[in-house]
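# Chain and residue survey
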Amino acid sequence: TQLLEQSPQFLSIQEGENLTVYCNSSSVFSSLQWYRQEPGEGPVLLVTVVTGGEVKKLKRLTFQFGDARKDSSLHITAAQPGDTGLYLCAGKRDDKIIFGKGTRLHILP
Amino acid sequence: KAGVTQTPRYLIKTRGQQVTLSCSPISGHRSVSWYQQTPGQGLQFLFEYFSETQRNKGNFPGRFSGRQFSNSRSEMNVSTLELGDSALYLCASSLNPTAQNTEAFFGQGTRLTVV
């Protein structure tokens, strides 16, 4: 059983559209992170959310941590081809970082 | 400053052989974690080393082992390779692994193919 479920697994949309991807769990995490991984590279941290209900913005990306600290969402406004990649959420629990399987996002020009 | 360096980048081995992968963390980072990434299972935690001691371990068989040296460089070893061990092996270093907002910096990974 995957501790962190990410949905959708794959998403292909046109440039300029908005999208939201989700990271859900039945467990509580002390913090949750989002990473982006491009082909041939390791994941790169985008944001860390710590407080339940917290919202963080990074240019066109908006991250939200659920009130109960069990889930998170990533919303991208006006997607661009440069947003293409594998988006991974990761939760910190008992000093371990646990990753979801990721959402593979493809933005069509 | 230099990032996390993993060597080699690519490796092809045959079943039954053993392999050693190397990871040099960012200077000053004492925590090194190893992950296995496959299309089916995603990123799975192997183990974490901090100051030469294994702090955490994932659910992998004993064929997977690791160690960390006094300069924080780490190696992982896989013995008696199986076809299913083919994967991207990623190493991540961090400064303070117990902090809530600790950031893991990943290397580019070693792509291991077992034939």
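Residues numbered from 1 in each chain as written. Chains lettered and ligands numbered in written order. Predicted model: local features only at pLDDT ≥ 70, side-chain atom pairs only at ≥ 80, totals over all residues. Heavy atoms only, no water.

Let's shift gears to the interface of chain B and chain A. If you look at the interface, chain B gives 25 residues, while chain A gives 21 residues. Interface area for chain B against chain A, summed over the two sides, is near 1,700 Å², with a carbon-plus-sulfur share of 48%. The tally of links between chain B and chain A comes to five residue pairs in polar contact (both at pLDDT 80 or more). At the level of secondary structure, the elements contributing two or more residues to the side of chain B that touches chain A comprise β4 (31–38), β5 (42–50), β6 (53–57) and β9 (87–94) of chain B. When residues in the side of chain B that touches chain A are grouped by element, the largest group, four residues, is from β5 of chain B. Partitioned by chemical class, the residues of the side of chain B that touches chain A number nine nonpolar, eleven polar and five charged. (Contact = heavy atoms within 4.5 Å. Buried area = accessible area lost by both parts, 1.4 Å probe. Polar contact = N/O pair within 3.5 Å; in protein donor to acceptor, adjacent residues only side chain to side chain. Helix = DSSP H or I, 4+ residues; strand = E, 2+ residues; numbered from the N terminus. Nonpolar A, V, L, I, M, F, W, Y, C, P; charged D, E, K, R; others polar.)

Moving on: unusual backbone geometry. Note the cis peptide between S7 of chain A and P8 of chain A, where omega equals -10 degrees. Of note, P8 of chain A is situated in the loop between β1 (5–7) and β2 (10–14). The omega torsion across T7 of chain B and P8 of chain B is -10 degrees, close enough to zero to call that bond cis. Notably, S72 of chain B is not glycine yet its phi reads approximately 75 degrees, a positive angle. A positive phi angle, close to 45 degrees, is found at T80 of chain B, a residue other than glycine. With respect to the element layout, T80 of chain B can be found in the loop between β8 (74–78) and β9.

A few words now on the pattern of salt bridges. All names here are of chain B. One pass over the structure, following the stated rule, counts eight salt bridges over all chains. A salt bridge links R73 to E75; the shortest N-O distance between them is 3.3 Å. If you follow the salt bridges from partner to partner, you end up with R63, E82 and D85 in one network. (Salt bridge = Lys/Arg side-chain N within 4 Å of Asp/Glu carboxyl O.)

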